[in-house]
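One letter stands for each residue in the lines below.
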Amino acid sequence: DAGVIQSPRHEVTEMGQEVTLRCKPISGHNSLFWYRQTMMRGLELLIYFNNNVPIDDSGMPEDRFSAKMPNASFSTLKIQPSEPRDSAVYFCASSQSGANVLTFGAGSRLTVL
Amino acid sequence: SQQGEEDPQALSIQEGENATMNCSYKTSINNLQWYRQNSGRGLVHLILIRSNEREKHSGRLRVTLDTSKKSSSLLITASRAADTASYFCATDQNTDKLIFGTGTRLQVFP
């Protein structure tokens, strides 16, 4: 298995633009997590899905952020419109529900100018 | 808000020395895990300890858990330059939701 695959690895965009980050979890994992990492706030859980259903989105900063998981092998995190304070590394991770051991992707580094 | 706080924030040691990192958390937990993150990479799972366990070993890693003090420690014995990374504890409360601490940056000098 290639592990958790995220794209793009790097994205530089201007304030106000829409950003879409993508994630392919490990086959057979039924839980998927989106985290954001910054120097100031550390690793923050934004949202997680179980069997493609959003379970807890209490960490999503505001309405500009949305996440979807249309099927077991794909998830997106969208920011519209983006702002400079959204600059961070966004990680996707997956696990088998109940096992609680996460496998992380390499991350998507977002810079909003 | 973050569940765990690691201490120290940064640690520098020489190869061959032992490195000890501590994690404190706020509420009752089901499991506690430790992860490692190399610069520019995603986190990698190291070890999981359940709330009814007090100590666990994996290779050069030793983890302890004291639920009465809501704290855990990670000991890396005979450290190597390749152990240079950030180390995070993470806790869950009998759900899939995993909350990470603030991390300890470990630098091992050859």
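Just so we're clear, the structure is a prediction, and the values are computed from it rather than from any experiment.

Thresholds, definitions, all that
- Residues numbered from 1 in each chain as written.
- Chains lettered and ligands numbered in written order.
- Predicted model: local features only at pLDDT ≥ 70, side-chain atom pairs only at ≥ 80, totals over all residues.
- Heavy atoms only, no water.
- Helix = DSSP H or I, 4+ residues; strand = E, 2+ residues; numbered from the N terminus.
- Rg over C-alpha atoms; globule rule 2.2 N^0.38 Å.
- Pairing = 2+ DSSP bridges.
- Axes fitted to C-alpha atoms, helices over the stretch in contact; angles between N-to-C directions.
- Contact = heavy atoms within 4.5 Å.
- Buried area = accessible area lost by both parts, 1.4 Å probe.
- Salt bridge = Lys/Arg side-chain N within 4 Å of Asp/Glu carboxyl O.
- Polar contact = N/O pair within 3.5 Å; in protein donor to acceptor, adjacent residues only side chain to side chain.
- Nonpolar A, V, L, I, M, F, W, Y, C, P; charged D, E, K, R; others polar.

A. A look at the overall build of chain A. Secondary structure assignment for chain A yields zero helices and eleven strands. The N-to-C order of helical and strand elements in chain A reads β-β-β-β-β-β-β-β-β-β-β. For 113 residues, the compact-globule estimate of 2.2 N^0.38 gives 13 Å, and chain A sits close to it at 13 Å. Principal axes of the C-alpha set define a box for chain A whose edges measure 40 × 25 × 25 Å.

B. Spatial organisation of the sheet that holds strand E6 (residues 55-58) of chain B. All names here are of chain B. Strand order in this open sheet of five strands is E1-E3-E8-E7-E6, and the pairing throughout is antiparallel. At either end of the open sheet lies a strand with only one pairing partner, and these are strand E1 (4-7) and E6. Adjacent strand axes in the sheet meet at a mean angle of 15° when their direction is disregarded. With six bridges joining them, strand E7 (residues 61-66) and strand E8 (residues 71-76) adopt antiparallel strand pairing.

C. Local environment of the pairing of strand E5 (residues 43-50) of chain B. Residues and elements named next belong to chain B. Pairing geometry for strand E4 (residues 31-37) and E5, over seven bridges, is antiparallel. Among the inter-strand pairings, Tyr 35 is bridged to a residue of E5, identified as His 45. The hairpin turn running from E4 into E5, its antiparallel successor, is five residues long, and Gly 40 in that turn takes a positive phi close to 80°.

D. Seen up close, the interface of chain A and chain B. Taken together, the 23 residues of chain A in the interface contact 19 residues of chain B. Both sides together, the interface formed by chain A and chain B hides about 1500 Å², and carbon and sulfur atoms give 50% of it. At the junction of chain A and chain B, the tally comes to one salt bridge. When the shortest N-O distance is used, the salt bridge between A:Asp56 and B:Lys97 registers 2.7 Å. On the surface where chain A and chain B come into contact, there are eight residue pairs in polar contact (both at pLDDT 80 or more). Contributing elements (two or more residues each) for the side of chain A that touches chain B: strand E4 (31-38) and strand E5 (42-50) of chain A. If one sorts the elements of the side of chain A that touches chain B by residue count, E5(A) sits on top with five residues. Residue composition of the side of chain A that touches chain B, grouped by class: eleven nonpolar, nine polar and three charged.

E. Geometry of the pattern of salt bridges. Here the structure, examined in full by the defined rule, presents 13 salt bridges over all chains. By sharing partners, the salt bridges in this structure join A:Glu62, A:Arg64, A:Glu83, A:Arg85 and A:Asp86 into a single network.

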